[in-house]
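# Residue-level structure breakdown
Residue strings, one per chain:
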Amino acid sequence: MSDMFVAIAEKVKSGYPSIVFPEGTDERILEATVRLKKEGILNPILVGNLDEVNNKAKELNLDTSDLDIYDPETYEQFEELVDAFVERRKGKASPEDARKILKTPNYFGTMLVYLNKAAGLVSGAAHSTGDTVRPALQIIKTKEGVRKTSGVFVMVKGDERYIFGDCAINIAPDSNDLAETAVEAAKTARVFDIDPKVAMLSFSTKGSAVSPETEKVVEATRIAKELAPELVLDGEFQFDAAFVPAVAKKKAPDSPLNGEANVFVFPSLEAGNIGYKIAQRLGNYEAIGPILQGLNQPVNDLSRGCNAEDVYKLALITAMQGLAD
Ligand SMILES: CC(C)(COP(=O)(O)OP(=O)(O)OC[C@H]1O[C@@H](n2cnc3c(N)ncnc32)[C@H](O)[C@@H]1OP(=O)(O)O)[C@@H](O)C(=O)NCCC(=O)NCCS
Ligand SMILES: CC(=O)OP(=O)(O)O
């Protein structure tokens, strides 16, 4: 494991937070949580039917005897969750609706976080992103000053670390959305000791093509600079002009990025989601995330293509976000 994750694990261990995993019968979740508990890093709370979770663990030769397993069907404080959900949804859910909704593991787990019974949540190994994040958007909500959450990956290979976003949430971002993603991604970068140099990506570099798509990124760059004038941030850039110094000299000789960008803001969810998966699967970068930015409490999604190592690392990041809040 890279030094970065070893350091995060040490930090998390000192706080020993509880993190909730709504997918208690998923084998990757089971493998990662048993390891996290055994290493004394954090306290996993698995959601699911006790027998089903334990039987699945047995099949995998994993010992879940010292893990907390909460079943929404038998959870003693369920009515507390119902009341808090009805209050939070302000007229959008009756107590009967809430009782039904909170039987679903992602809503149940998210309410545990909202009520501070857990410090964060990791899900999405077996659920789509929509089903994983919707409870958080409705219950946890964004921090004051953040209009929309976005999902970034930390891309790791050896000592190399980059932030890619938005790869998960906003399907057709406008200029304001892109600017906000950029500013939040720079903050996320600092969490991983990356000194952010932010590139606003497009298929054009500094006006080499002009279209509504490129103009959206030009405008996003202007807004992001206004929001965070201290940031090293520029656009619009093709990936090579943002990343390869020799290409940057030719295509954008006057830019402060100098082809050294390490935070990449994609112009649409198509580009971001496809882009991170290509870097992961063809480029052999580890892709940890999506890490949701700008929420009041940490809730993070996984790709359904994840492995147990990805779950373990995203759990570490989630716990670290919780300690920082
Ligand atoms: C994220 C997503 C599920 C939200 O869609 P949705 O549930 O239809 O959203 P809605 O517009 O109905 O909004 C639901 C709630 O979430 C909030 N919300 C929606 N998008 C949000 C965002 N980006 N940030 C913060 N809140 C958001 C809304 O304000 C609303 O809150 P309210 O009920 O309290 O008023 C949707 O944008 C989506 O499917 N994105 C793509 C996910 C994906 O497949 N990614 C690729 C794989 S990672
Ligand atoms: C992040 C992501 O693409 O998730 P999934 O692969 O589950 O759709």
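- In the annotation of an unreviewed UniProt entry, the protein chain is listed under the name Phosphate acetyltransferase and assigned to Evansella alkalicola.
- Per UniProt, the protein chain carries the Sequence similarities (unreviewed entry) text "Belongs to the phosphate acetyltransferase and butyryltransferase family."

## Observations concerning the site of ligand 1
- Within the structure, ligand 1 sits among 19 residues, and Arg89, Lys92, Arg134, Thr149 and Ala168 are positioned closest to it.
- Within the contact set of ligand 1, an oxygen atom lies 2.8 Å away from a side-chain nitrogen or oxygen of Arg89.
- Contact distances for ligand 1 include 3.1 Å between an oxygen atom and a side-chain N or O atom of Lys141.
- A total of 950 Å² of accessible area belongs to ligand 1 in isolation, and the protein chains cover 61% of it.
- For the shell around ligand 1, the secondary structure elements donating two or more residues are helix H7 (129-140) and helix H12 (269-281).
- No other element matches the 6 residues that H7 contributes to the shell around ligand 1.
- Of the residues in the shell around ligand 1, the class split is 7 nonpolar, 7 polar and 5 charged.

## Regarding unusual backbone geometry
- A cis amide bond links Gly165 with the next residue in sequence, Asp166, at an omega value of -20 degrees.
- The omega torsion across Gly235 and Glu236 is -10 degrees, close enough to zero to call that bond cis.
- Positive phi values are uncommon outside glycine, yet Tyr16 reaches one of about 40 degrees.
- Take Tyr16: it is sitting in the loop between helix H1 (3-15) and strand E1 (18-21).
- Judged by relative accessible area, which is 35%, Tyr16 ranks as partly exposed.
- Phi angles above zero are rare outside glycine, and Asn116 is one such case at about 60 degrees.
- Of note, Asn116 is situated in the loop between helix H6 (105-114) and strand E4 (120-123).

Cut-offs applied
- Residues numbered from 1 in each chain as written.
- Chains lettered and ligands numbered in written order.
- Predicted model: local features only at pLDDT ≥ 70, side-chain atom pairs only at ≥ 80, totals over all residues.
- Heavy atoms only, no water.
- UniProt positions renumbered as here; feature names shortened; annotations may be inferred.
- Near = heavy atom within 4 Å.
- Polar contact = N/O pair within 3.5 Å; in protein donor to acceptor, adjacent residues only side chain to side chain.
- Areas by Shrake-Rupley, 256 points an atom, 1.4 Å probe, with all protein chains shown as cover.
- Helix = DSSP H or I, 4+ residues; strand = E, 2+ residues; numbered from the N terminus.
- Nonpolar A, V, L, I, M, F, W, Y, C, P; charged D, E, K, R; others polar.
- Buried < 20%, exposed > 50% of the residue type's maximum accessible area, 1.4 Å probe, protein only.

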